[in-house]
Every structure is written in C-alpha cells, then in structure tokens.
Amino acid sequence: MDLTLGIPALLFPAISLTMLAYNARYLAIAALIRQLHQKYQETGSSSVSLQVKKLSKRLIIIKNMQASAILSFLLAVITMSLIYVQLDFWANLVFGISLLALMISLILSFIEVQLSTKALSIQLKDLE
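Conventions used here
Residues numbered from 1 in each chain as written. Predicted model: local features only at pLDDT ≥ 70, side-chain atom pairs only at ≥ 80, totals over all residues. Heavy atoms only, no water. Helix = DSSP H or I, 4+ residues; strand = E, 2+ residues; numbered from the N terminus. Core = buried A, V, L, I, M, F, W, Y, C linked by side-chain atoms within 4.5 Å. Buried < 20%, exposed > 50% of the residue type's maximum accessible area, 1.4 Å probe, protein only. Contact = heavy atoms within 4.5 Å. pLDDT = per-residue confidence, 0-100. UniProt positions renumbered as here; feature names shortened; annotations may be inferred. Phe/Tyr/Trp six-rings, centres within 6.5 Å; stacked < 30°, edge-to-face > 60°. Expected span 1.5 Å × (residues − 1). Salt bridge = Lys/Arg side-chain N within 4 Å of Asp/Glu carboxyl O.

Peer 1: Go over the environment of Ser 81 with me, naming the residues and quoting the values.
Peer 2: If you trace the backbone, Ser 81 turns up in helix α3 (residues 46–84). A C-alpha to C-alpha distance of 48 Å links Ser 81 and Gln 38, two positions 43 residues apart in sequence.

Peer 1: Could you give an account of the nonpolar core, with specific residues and numbers?
Peer 2: Formed by 24 residues in total, the largest nonpolar core has its most connected members in Leu 11, Ile 29, Ile 33 and Met 65. A per-element tally of this core places α3 first, with 12 residues. Ignoring anything within four residues of it in the chain, the contact list for Ile 33 reads Val 52, Leu 55, Ser 56 and Leu 59.

Peer 1: Can you explain the confidence of the model for the chain? Please cite residues and give values.
Peer 2: For any part of a model where pLDDT is low, the fine detail of the predicted coordinates should not be relied upon. Chain-level statistics for the chain give a pLDDT mean of 87 and a share of 95% at 70 or above. The spread of mean pLDDT over the elements of the chain runs between helix α1 (residues 6–9), the lowest at 84, and α3, the highest at 89.

Peer 1: Requested: an account of the UniProt feature "transmembrane region" (unreviewed entry) in the chain, with residues and values cited.
Peer 2: Look at the UniProt record and you will see "transmembrane region" (unreviewed entry) annotated at residues 6–24, 67–87 and 93–111. Taken as a whole, residues 93–111 contains 100% helix and 0% strand, while its terminal C-alpha atoms sit 27 Å from one another.

Peer 1: Hey, could you go over the packing of aromatic side chains for me, with residue numbers and the actual values?
Peer 2: Taken as a whole and assessed by the stated rule, the structure comprises two aromatic pairs. An angle of 70 degrees between the planes, with centres 4.9 Å apart, marks the rings of Phe 12 and Phe 73 as edge-to-face. Of this pair, Phe 12 sits in helix α2 (residues 11–43) while Phe 73 sits in helix α3, and the two are 61 residues apart along the sequence. Centroid distance Phe 89 to Trp 90: 5.2 Å. Interplanar angle 80 degrees. Geometry classified as edge-to-face.

Peer 1: Outline α2, listing residues and values.
Peer 2: Over its 33 residues, α2 extends 47 Å from the first C-alpha to the last, a length consistent with the 48 Å expected when each residue adds 1.5 Å. Where α2 ends, the next residue or the one after it, Gly 44, has phi of about 70 degrees, a positive value.

Peer 1: Would you mind going over the pattern of salt bridges in detail, with residue names and values included?
Peer 2: For the structure shown, the criterion picks out two salt bridges. The residue Arg 25 makes a salt bridge to Glu 112 at a minimum N-O spacing of 3.2 Å. Of this pair, Arg 25 sits in helix α2 while Glu 112 sits in helix α4 (residues 88–127), and the two are 87 residues apart along the sequence. Residue Arg 58 is joined to Glu 112 by a salt bridge in which the shortest nitrogen-to-oxygen separation is 2.7 Å. Of this pair, Arg 58 sits in helix α3 while Glu 112 is found in helix α4, placing the two residues 54 residues apart along the sequence. One salt-bridge network, in which partners are shared between bridges, spans Arg 25, Arg 58 and Glu 112.

Printed below as a string of structure tokens:
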C-alpha cells in the first residue's frame, strides 16, 4: 500500500475530537475533586476521601489518554513530513506507531469509562 499525505491527514479530525472529549472529562473530574476536597475538609468523611482517591486514579488514566492521543497526533504530522521528503519506509513505520498510540489512547478511554460506570453503579446501589 502506498502511503499518501491524505492518509495520516485523516487522523487529524478524529484525534482533535478525541482530545476535546478527553479534556471535557478531565475538567469535569477536576471540578468534582475540588468540590469533594472542600467537603472532606469540612466533614472529614472517609467516604469522601475514598471518592477523591478513586477520582484521582481516573484523572491519571485521562492524563495518559491525552498523552497517547497527543503522541499519535505528533507522529501523524511527522509521517506527513517523511512522506513529503519521500522516506517511505520511515513514514510507514512512524504511521504504524501513530496508529498504535491512538489505539492505546482508546483502550485507556475504555478502561476509564468502565471505572466511571462502576463508580456510578456503586452510588446508585446506595440510593436503593
């Protein structure tokens, strides 16, 4: 298969939208951690402390999701540069690594969604 400039360029909108979604998750969890931290300082509740720890774990996963997506984006740009200077072998290799980084980002996203769903189901059980 011949790698053209258009192929890595197809990743740009996908990665950009992914980054927006990851950033929205990050901001929502960061705001929630701030609220819970303030609540913990007021009440000293061990339940709130546990929630903050779980959210911190999710924040780390989101940070890694973002890093993987950024790496994928950067490697797609490098791929385009390598295609431009006609280094086809290196362009194919770097593009493959770019796709791998994007897959890692998506797998981390899946894990984070699973953790989020698990946390919500625990809270819903408390309501029953």
